[in-house]
Amino acid sequence: MAERSETVGERVYRLRTQRGMTQRQVAAPSYTAAYVSTVEAGKVRPSQKALHHLAGRLGVDSRELLTGQPAHLATGLRLGLTGAQHTLATGDTAEAAREFTGLLAEAEGYELTEESAAAQLGLGECALESGDLAQAHTCFEAAERLLADAAPARRAPAVRGRAVAHLLAGELRYSCYLLENALDELNNSGHHDPDALLLLYTAAIAPYLDMGAHARAAHAAEQALSLAPSATDSARVAALHRSVARTLLAENRIAEADASLAKAAELYRTLRLRTELAHCHWMRGYVHAQSGDLEQAEREMRTAREMLAAKRATLYAEQVEVELADVVRRRGRTDEARELLRGVLATAGQERAAVHAGAAHRLLGLIAQEAGELEGAEEHYVSALSLLERAGAAGDLADVCRLLGDLLRRAGRTEAAMDAYRTGLGPRMTRGVTTLGPAPAEPPA
């Protein structure tokens, strides 16, 4: 790293003496030895023309002479980043994180902003998969700072990463806020970037659905579908099909959802993105569960769980386990379902996965209620209510409040039941609960 602190003059002197050249030899034929001497002494900074001349005489690239960065360094780093991204997509998350860490150190050493930002984005994705949401926040925020002066489309992946981290932490409103602000900025800038828009609209579908904002989720899906033919990134198109399936499910369009997931799965098989392919198996399992094919649903979810566990994608694997436990419960294996859910709650922290931890408590409440353990059921419903209320998951919150209210009403506790029902109705009756502002601007025509 000593080269980084050198001045241009010091670098000219070092390279000249390493090559056994005199100042006159370096200067000829366009400059004088005295000029080279003043450059080496730091008394004058060479012009662009002089820099090209000196670099040519010394046998180096002009950028290397100016910055100390070896020739083709940035290209080599980008090649390494592509390799790390492939490792993340198809192999071991921990190994990908090690690759990104080494590349980040090298890029920072030579003050390469774009490559440093790309390495931070990669580390953020690794942290998301391993469930370290605090680290994910740190990495995505660092990437966004590095790209602060870049166009909105360049910052889109960092914003999307931050939004997903907040979503997984149960902070649904803030996730929507980040995505909608980014969409506004991108759409109002007049620069139509299909890949960036597709990335942001696709990411918005999940928090909208979790908040019960089905109209906005459907609109985001429509915008994303309209962008898909113009997008150049096949991975994002596949992610779109997976997210659109969620919207179709919310509208009970089961066959269309399954078809959309099949398209995503085929793209991911081609791209060999195992985490995303696992998500497709997960969602297909959910489709089968909705249509009553519990055997096929369990098979798909177990496949997803195994694929995610193999990639050490801890947080996503825990989320699948909640869905799997519901299927297992519906198939009559309540003890197995209870163990799955207890395992999820044992590893889920307060700061992450609030929506899925709430879902786990809801299912444990149902299991307890079906077994006649009414006190235990109430405790689980109250825990679920607290988690979902904090996360702002309006749809799930309403369902838990209904279950709790019904339980209390049957026990003769009418006032407590009414309070539970009111809590569930509250988010539905409050204006502006889906975002912190108006709907995002439309893309330019």
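Residues numbered from 1 in each chain as written. Predicted model: local features only at pLDDT ≥ 70, side-chain atom pairs only at ≥ 80, totals over all residues. Heavy atoms only, no water.

Looking at an unreviewed UniProt entry, the chain carries the name Transcriptional regulator, with the source organism given as Streptomyces reniochalinae.

This brings us to the environment of Tyr316. Tracing the backbone through its elements, the reader meets Tyr316 in helix α18 (residues 314-330). Given the relative accessible area of 11%, Tyr316 is considered buried. Along the primary structure Tyr316 and Arg305 are separated by 11 residues, whereas in three dimensions their C-alpha atoms are 8.3 Å apart. Leave out the neighbours within four places in its chain, and Tyr316 touches Leu128, Glu129, Val164, Leu168, Thr275, His279, Trp282 and Leu308. (Helix = DSSP H or I, 4+ residues; strand = E, 2+ residues; numbered from the N terminus. Buried < 20%, exposed > 50% of the residue type's maximum accessible area, 1.4 Å probe, protein only. Contact = heavy atoms within 4.5 Å.)

Turning our eyes to something else, we now look at the pattern of salt bridges. Here the structure, examined in full by the defined rule, presents 27 salt bridges. Glu144 serves as the salt-bridge partner of Arg162, at 2.8 Å between the closest nitrogen and oxygen. In this pair, Arg162 sits in helix α10 (residues 152-168) while Glu144 sits in helix α9 (residues 133-146), placing the two residues 18 residues apart along the sequence. The exposure classification of Arg162 matches that of Glu144, with both residues buried. Across the pair Arg305 and Glu321 runs a salt bridge whose closest N-O atoms are separated by 3.1 Å. Of the two residues, Arg305 is situated in helix α17 (residues 294-310) and Glu321 in helix α18; the sequence distance between them amounts to 16 residues. In the salt-bridge network here, residues are joined through shared partners; they are Glu298, Arg302, Arg331, Arg333 and Glu336. (Salt bridge = Lys/Arg side-chain N within 4 Å of Asp/Glu carboxyl O.)

Glancing now at the state of the cysteines. The full count for this structure, using the stated rule, is zero disulfides. With no disulfide of its own, Cys139 has Cys126 as its nearest cysteine by sulfur position, at a separation of 8.6 Å. The class of Cys139 is buried, set by a relative accessible area of 2%. (Disulfide = S-S within 2.5 Å.)

Let's shift gears to helix α4 (residues 48-58). Among the residues of α4, Ala50, Leu51, His53, Leu54, Ala55 and Leu58 are the ones counted as buried. On its buried side, α4 packs onto α1 (8-18), α2 (23-27), α3 (33-40) and α5 (62-67). Gly59 sits one or two positions beyond α4 and adopts a positive phi of about 75 degrees.

A few words now on the nonpolar core. Within the largest apolar cluster, 111 residues are counted, with the highest numbers of intra-cluster contacts made by Leu128, Leu341 and Tyr381. For this core, the leading source of residues is helix α12 (residues 194-210), giving 12 residues. Beyond its immediate chain neighbours, meaning those up to four positions away, Tyr381 contacts Arg362, Gly365, Leu366, Gln369, Val400, Leu403, Leu404 and Leu407. Within the second largest apolar cluster, 15 residues are counted, among which are Ala84, Leu104, Ala119 and Cys139. (Core = buried A, V, L, I, M, F, W, Y, C linked by side-chain atoms within 4.5 Å.)

Now for the packing of aromatic side chains. In this structure the tally under the stated criterion is two aromatic pairs. On the basis of an interplanar angle of 20 degrees and a centroid distance of 5.1 Å, the ring pair of Tyr31 and Tyr35 is categorised as stacked. (Phe/Tyr/Trp six-rings, centres within 6.5 Å; stacked < 30°, edge-to-face > 60°.)

So, on to the environment of His356. Tracing the sequence through the fold places His356 in helix α20 (residues 354-370). Sequence spacing of His356 and Val322 is 34 residues, and the spatial spacing of their C-alpha atoms is 6.9 Å. The contact partners of His356, leaving out residues within four places of it in the chain, are Trp282, Gln319 and Val322.

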